[in-house]
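What follows is each chain in one-letter form.
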Amino acid sequence: MVSDDGSLGFLAGGGDMGARIRAHAWADTPLAHPRGWPQALRTTVRVLLSTGHPTMIFWGPELICIYNDAFSRSLGPEKHPVILGMPGRRAWAEVWPLVGGQIEQVLRGDGAIWL
């Protein structure tokens with residue numbers, strides 16, 4: 001569980017998903033404890049938790065899933081909250097043949113995708 005001390009202030013707020021992100025066992029994922037997250041991930045998660053826009057990010061080589069309350073409303077009970085902290089390929093196995101190529105395109109630097 002993540003404590004809410006000064007070094008983890010970027011995890012403050014965010015409604016239900018903020019609480020889930022703070023409580024998640026990140027040490028059991030490739031991201032490890034949030035105290036060691038790079039500044040870019042901290043900033044991105046801070047934006048994700050403070051926006052009302054549906055937002056999900058895939059982070060790192062394993063494309064770990066992190067998302068906010070607004071995005072959670074687009075997920076059914078088979079996805080939410082199970083995919084929090086899960087590698088993208090596993091979380092989205094049924095659609096990976098469609099979206100995996102688009103994600104790879106972005107990662108190669110060949111342009112953004114809007115869906």
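Treat the numbers as computed from the prediction; the structure is a model and nothing was measured.

Re the environment of Phe-10
At step 1: With respect to the secondary-structure elements, Phe-10 resides in the segment before α1 (15-23).
At step 2: C-alpha of Phe-10 to C-alpha of Thr-44: the two residues are 34 residues apart in sequence and 9.3 Å apart in space.
At step 3: In contact with Phe-10, other than residues within four places in its own chain, are Pro-34, Trp-37, Arg-42, Val-45, Arg-46 and Leu-49.

Quick notes on the confidence of the model for the chain
At step 1: For the chain, the average pLDDT comes to 93, and 95% of its residues sit at 70 or higher.
At step 2: In the model, residues 1-6 has pLDDT below 50 throughout and makes 14 contacts with residues more than four positions away in sequence or in other chains.

As for α1
Note: α-helices contain 3.6 residues per turn, so residues at a spacing of three or four share the same orientation.
At step 1: Met-17, Gly-18, Ile-21 and Arg-22 are the residues of α1 that are buried. Down the axis of α1, the sector holding all buried residues measures 140 degrees, keeping them to one side.
At step 2: The secondary structure elements touched by the buried residues of α1 are α2 (39-50), β2 (64-67) and α3 (69-72).

Examining the nonpolar core
At step 1: One finds Trp-37, Val-45, Ile-66 and Trp-92 to be the most contacted residues of the largest nonpolar core, which totals 28 residues.
At step 2: Looking at this core, the elements that each hand over two or more residues are α1, α2, β1 (56-59), β2 and α5 (96-108).

So, the pairing of β2
At step 1: Burial along β2 is two-sided: the face carrying Ile-64 and Ile-66 and the face carrying Cys-65 and Tyr-67 are both buried.
At step 2: As defined by bridge partners, β1 adjoins β2 across four bridges and the pair is classed as antiparallel. In the sheet register, Met-56 faces β2, and the bridge partner there is Tyr-67.
At step 3: The hairpin turn running from β1 into β2, its antiparallel successor, is four residues long, and Gly-60 in that turn takes a positive phi close to 80 degrees.

Describing the pattern of salt bridges
At step 1: Tallied over the entire structure, the rule returns three salt bridges.
At step 2: Residues Arg-20 and Asp-16 are paired through a salt bridge, measuring 2.9 Å at the closest nitrogen-oxygen approach. With Arg-20 and Asp-16 both in helix α1, this residue pair falls four residues apart, about one helical turn.
At step 3: In this structure Arg-20 comes out as partly exposed when scored by relative accessible area, which is 33%.
At step 4: The exposure class of Asp-16 is partly exposed, given its relative accessible area of 38%.
At step 5: Here Lys-79 ties to Glu-94 by a salt bridge, and the two come within 2.8 Å at their closest N and O atoms.

With respect to a nonpolar patch on the surface
At step 1: On the surface, Val-106, Ile-113 and Leu-115 cluster together into a nonpolar patch covering about 310 Å² of accessible area.
At step 2: Along the polypeptide, Leu-115 turns up in the segment after α5.
At step 3: For Leu-115, a relative accessible area of 89% corresponds to the exposed category.

Procedures and definitions
Note on numbering: residues in each chain are counted from 1, in written sequence order. It should be noted that, the model being predicted, local features are given only for residues of pLDDT at least 70 and side-chain atom pairs only at 80 or more, the latter also being counted only at that level, while totals for whole chains, interfaces and linings use all residues. The side-chain quantities take in all heavy atoms of the structure and omit both hydrogens and water. A run of DSSP states H or I qualifies as a helix once it reaches four residues; a run of E qualifies as a strand once it reaches two. Both are numbered from the N-terminal end. The contact criterion used throughout is that any non-hydrogen atoms of two residues lie within 4.5 Å. What pLDDT conveys is the predictor's confidence in a given residue, as a value from 0 to 100. Remark: exposure states derive from per-residue accessible area (1.4 Å probe, protein chains only) relative to the maximum for the residue type, with buried under 20%, exposed over 50%, and partly exposed in between. Comment: arc refers to directions from the helix axis out to C-beta atoms. Definition of nonpolar core: a set of buried residues of the types Ala, Val, Leu, Ile, Met, Phe, Trp, Tyr and Cys, connected through side-chain atoms within 4.5 Å. Note on pairing: two strands pair once DSSP finds at least 2 bridges between them. Any carboxyl oxygen of Asp or Glu within 4 Å of a side-chain nitrogen of Lys or Arg constitutes a salt bridge here. Only residues whose relative accessible area exceeds 30% and that form no salt bridge enter a patch; like-charged residues are grouped when within 9 Å of one another, and nonpolar side chains (Val, Leu, Ile, Met, Phe, Trp, Tyr) when within 5 Å. The Shrake-Rupley method, run with a 1.4 Å probe sphere, supplies the accessible areas, and residue values consider only the shown protein chains as cover.

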